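# Residue-level structural notes
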Amino acid sequence: DTSKLWGGRFSEPTDSFVQRFTASVNFDQRMAAEDIAGSLAHAQMLCSVGVLSAPELQQIQEGLATVQREIDEGSFQWSVELEDVHMNIEARLTELIGVTGKKLHTGRSRNDQVATDIRLFLRSAIDRIASELTRLQAGTITLAAANADTIMPGFTHLQTAQPVSFGHHLLAWNEMLERDYGRLMDCRARMNQSPLGAAALAGTTYPIDRAQTAAALGFDKPTENSLDSVSDRDFAIEFCSFAALLLTHLSRMSEELVVWASAQFNFIELPDRFCTGSSIMPQKKNPDVPELVRGKVGRVNGHLVALLTLMKSQPLAYNKDNQEDKEPLFDTVDTVLDCLRAFGDMLPAIKPRREQMREAARSGFSTATDLADYLVGLGLPFRDAHEVVGKAVAHGVATGMDLAEMELATLQGFCADIGDDVFEVLTLEGSIGARDHLGGTAPNQVAAAAQRAQQRLAER
Ligand code: ARG
């Protein structure tokens, strides 16, 4: 039949495959609540400007409340013939309230309607993500503060480099997450404008009040240009690029957790509830949760590329291509929320194995730079000091001895001026405590940094 909401100019029914191919209702019904909110704001505004009467507005309000209730209860009959969430809801409204239902779409198009719905959907997703991210950061900072003086080896090239505070390492993670939070807020601020009123592309002939609908829906203001309003999906791309970076960070953190939890490193204990066993190897306790988070970045990066590619050649204004924006966007939101939840629960529960970390930091000549700095204090140019310590390390490698384990006389064989006080410099505590400046790893600096980080969270 040709009894579609847009069936007037058609003389044959839609091909049944085309119907399924062009329909989006199976996924865009997720925006039903936003669609109804947008319709309520639109109808209210139409009434204020005299396009709808007060009784008509009331009918629409009551009808949409019924639709919302049916959706909540699961009794709403979604129909692929009605293509998308917008037409499903409008058709049901008309079924419920009759001819007044057909007036709701006055001065509006699905093009500005869908642009509004996605922004509303994404905005509330952003707010949930922001609070999960804050929870993860709070857990990270708390663990960092408790481990300001827990010593571990710091790495470059995954080779032992210099001792660092475990708390300092955790606060490095927090800095990544802090930037992610900033990007998320930037995205929210830029997207929070109302496209409603752009109609199909050119605006509408009715005396609409765009500021009213914008305010009713919690937007900062209406968008500036009707063509741009219905064609812009920058905000979705921006959100997905935030997500790709966040997941990149979570993936890097995951990688470290996986390595640290291995028998070879043995730096941390992951609680059993975040791990699984092997069906064949009885001894196994696998770090599945961080591994899976590390893997999820692939899907999110894919969604970002999908959206960029979706947009790249679209002429103004709306094109049906844009219907393809929703599945990648929704899956990105779901993935981000799941990963943040996994990390937010898991991170505060990891147990550092202080003795193992310390032991690892003691080996690998992690205080070699400290010895070089000590020699500079005795008057050697740094390059010469580097050379002297290099020889001492070579001796240590040959004899299986750490610098701190060598006799004073042995060390003096490399530089006669070395005194008894050198051993203080070669301790792990001496090494990290000496890096006592903003951004350094000295425990008092780490404690202060944790406090500042905590303060920033409190000010959100
Ligand atoms: N389902 C469509 C989408 O997701 C809604 C807008 C359709 N507009 C149109 N003129 N076909 O983008």
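Residues numbered from 1 in each chain as written. Predicted model: local features only at pLDDT ≥ 70, side-chain atom pairs only at ≥ 80, totals over all residues.

The protein chain appears in an unreviewed UniProt entry as Argininosuccinate lyase from Pseudohalioglobus lutimaris. What UniProt records for the protein chain under Catalytic activity (unreviewed entry) is the sentence "2-(N(omega)-L-arginino)succinate = fumarate + L-arginine". We quote the UniProt Pathway (unreviewed entry) comment for the protein chain here in full: "Amino-acid biosynthesis; L-arginine biosynthesis; L-arginine from L-ornithine and carbamoyl phosphate: step 3/3." (UniProt positions renumbered as here; feature names shortened; annotations may be inferred.)

### Side note on the confidence of the model for the protein chain
Residues with a pLDDT of 70 or more make up 100% of the protein chain, whose mean pLDDT is 96. Scored as a complex, the prediction yields pTM 0.95 and ipTM 0.96. (pLDDT = per-residue confidence, 0-100.)

### As for the site of the ligand
Close to the ligand lie Ser24, Asp28, Asp84, Arg110, Asn111, Val114, Tyr318, Lys320, Asn322 and Gln323, which account for all nearby residues. Top contributing element to the shell around the ligand by residue count: helix α6 (residues 110–146), with three residues. For the shell around the ligand, the per-class residue count stands at two nonpolar, four polar and four charged. Domain assignment of the residues forming the shell around the ligand places at least three in each of domain 1 (7–106) and domain 2 (111–213 + 225–358). (Near = placed C-beta within 6 Å. Helix = DSSP H or I, 4+ residues; strand = E, 2+ residues; numbered from the N terminus. Nonpolar A, V, L, I, M, F, W, Y, C, P; charged D, E, K, R; others polar. Domains from an automatic or database assignment.)

### So, the UniProt feature "domain: Argininosuccinate lyase C-terminal" (unreviewed entry) in the protein chain
As recorded in UniProt, the feature "domain: Argininosuccinate lyase C-terminal" (unreviewed entry) lies at residues 365–432. Helix and strand shares over residues 365–432 are 66% and 0% respectively, and the end C-alpha atoms of the span are 14 Å apart.

### A word on helix α5 (residues 85–97)
Since there are 3.6 residues in each turn of an α-helix, residues three or four apart along the chain are aligned in direction. Across its 13 residues, α5 extends 18 Å between first and last C-alpha, which sits within 8% of the 18 Å expected from 1.5 Å per residue. Those residues of α5 not exposed but buried are Val85, His86, Asn88, Ile89, Glu90, Arg92, Leu93 and Ile97. Next to the buried residues of α5 lie α2 (25–28), α3 (32–48), α4 (54–73) and α6. (Expected span 1.5 Å × (residues − 1). Buried ≥ 20, exposed ≤ 12 C-beta atoms within 10 Å, placed from the backbone. Contact = placed C-beta atoms within 7 Å.)

### Regarding the environment of cysteine 47
Within the secondary structure, cysteine 47 sits in helix α3. Cysteine 47 sits in the partly exposed class, given 18 other C-beta atoms within 10 Å. The spatial distance from the C-alpha of cysteine 47 to the C-alpha of glutamate 12 is 37 Å, given a sequence separation of 35 residues. Ignoring any residue separated from it by four or fewer positions in sequence, one finds cysteine 47 in contact with Leu52, Ala54 and Leu57.

### With respect to the UniProt feature "domain: Fumarate lyase N-terminal" (unreviewed entry) in the protein chain
Under the present numbering, the feature "domain: Fumarate lyase N-terminal" (unreviewed entry) in UniProt falls on residues 8–302. Annotated as residues 8–302, this span is 61% helix and 6% strand, and its ends, taken at the C-alpha atoms, are 40 Å apart.

### Observations concerning the pairing of strand β2 (residues 159–165)
Inspection of the sheet shows strand β1 (residues 151–156) paired to β2 by six bridges, in the antiparallel sense. Looking at the pairing, isoleucine 151 lines up with serine 165 of β2. With antiparallel pairing between neighbouring strands as the criterion, β1 and β2 make up a hairpin whose turn holds two residues, including histidine 157 at a positive phi of roughly 55°. (Pairing = 2+ DSSP bridges.)

### A look at the domain arrangement of the protein chain
The domain boundaries assigned to the protein chain delineate domain 1 (7–106), domain 2 (111–213 + 225–358) and domain 3 (362–452). Centre-to-centre separation of domain 2 and domain 3, based on C-alpha positions: 39 Å. Taken residue by residue, the interface counts 17 residues in domain 2 and 14 residues in domain 3. Going through the elements one at a time, α6, β1, β2 and α7 (166–191) are the ones with two or more residues in the side of domain 2 that touches domain 3. Per-element accounting of the side of domain 2 that touches domain 3 gives the leading share, six residues, to β2. Residues belonging to the side of domain 2 that touches domain 3 are distributed by class as follows: 10 nonpolar, five polar and two charged.

### Quick word on helix α12 (residues 326–346)
Here α12 is 21 residues long and its end C-alpha atoms lie 30 Å apart, about the 30 Å a rise of 1.5 Å per residue gives. Within the span of α12, buried status applies to Lys326, Pro328, Leu329, Thr332, Val333, Val336, Cys339, Leu340, Ala342, Phe343 and Met346. For α12, the elements touching its buried residues are α2, α6, α10 (234–261) and α11 (288–311).

### Some details on the packing of α3 against α5
At their nearest, the axes of α3 and α5 sit 10 Å apart, and the two run at 60° to each other. With respect to each other, α3 and α5 are oriented oblique. Relative to α5, the crossing made by α3 is right-handed. Contacts between α3 and α5 involve Ala32, Asp35 and Ile36 on the former and, on the latter, Val85, His86 and Ile89. Of the residues that constitute the contact of α3 with α5, the class distribution is four nonpolar, one polar and one charged. (Axes fitted to C-alpha atoms, helices over the stretch in contact; angles between N-to-C directions. Parallel < 35°, antiparallel > 145°, perpendicular 65-115°, else oblique. Left-handed = near helix turned anticlockwise from the far one by under 90°.)

### Description of the packing of α3 against α6
Closest axis-to-axis distance for the α3/α6 pair is 9 Å, and the angle between their directions is 120°. Viewed along their axes, α3 and α6 adopt a mutual orientation that is oblique. The chirality of how α3 crosses α6 is right-handed. Along the contact surface, α3 presents Glu34, Asp35, Ala37 and Gly38, while α6 presents Gln113, Thr116, Asp117, Leu120 and Phe121. Per-class residue counts for the contact of α3 with α6 are three nonpolar, three polar and three charged.

### What to know about the environment of methionine 406
Tracing the chain through its elements places methionine 406 in the loop between α15 (382–399) and α16 (408–414). The class of methionine 406 is buried, set by 20 C-beta atoms lying within 10 Å. Separated by 298 residues in the primary sequence, methionine 406 and arginine 108 place their C-alpha atoms 82 Å from one another.

### A word on the nonpolar core
The nonpolar side chains of a soluble globular protein tend to be buried with one another. Core analysis: the biggest nonpolar cluster contains 94 residues, and Leu122, Ala236, Phe239, Ala243, Cys339, Phe343 and Ala450 have the highest contact counts within it. It is α10 that contributes the most residues to this core, 14 residues altogether. Within the second largest apolar cluster, 16 residues are counted, among which are Phe365, Ala404, Val422 and Leu426. (Core = buried A, V, L, I, M, F, W, Y, C linked by C-beta atoms within 7 Å.)

### Regarding unusual backbone geometry
For the bond running from leucine 316 to alanine 317, omega is 0°, close enough to zero to count as cis. Tracing the sequence through the fold places alanine 317 in the loop between α11 and α12. Positive phi values are uncommon outside glycine, yet glutamate 83 reaches one of about 70°. Here glutamate 83 shows up in the loop between α4 and α5. Accessibility expressed as a C-beta count within 10 Å gives 22 for glutamate 83, which makes it buried. Phi at alanine 199 is positive, roughly 55°, even though this residue is not glycine.

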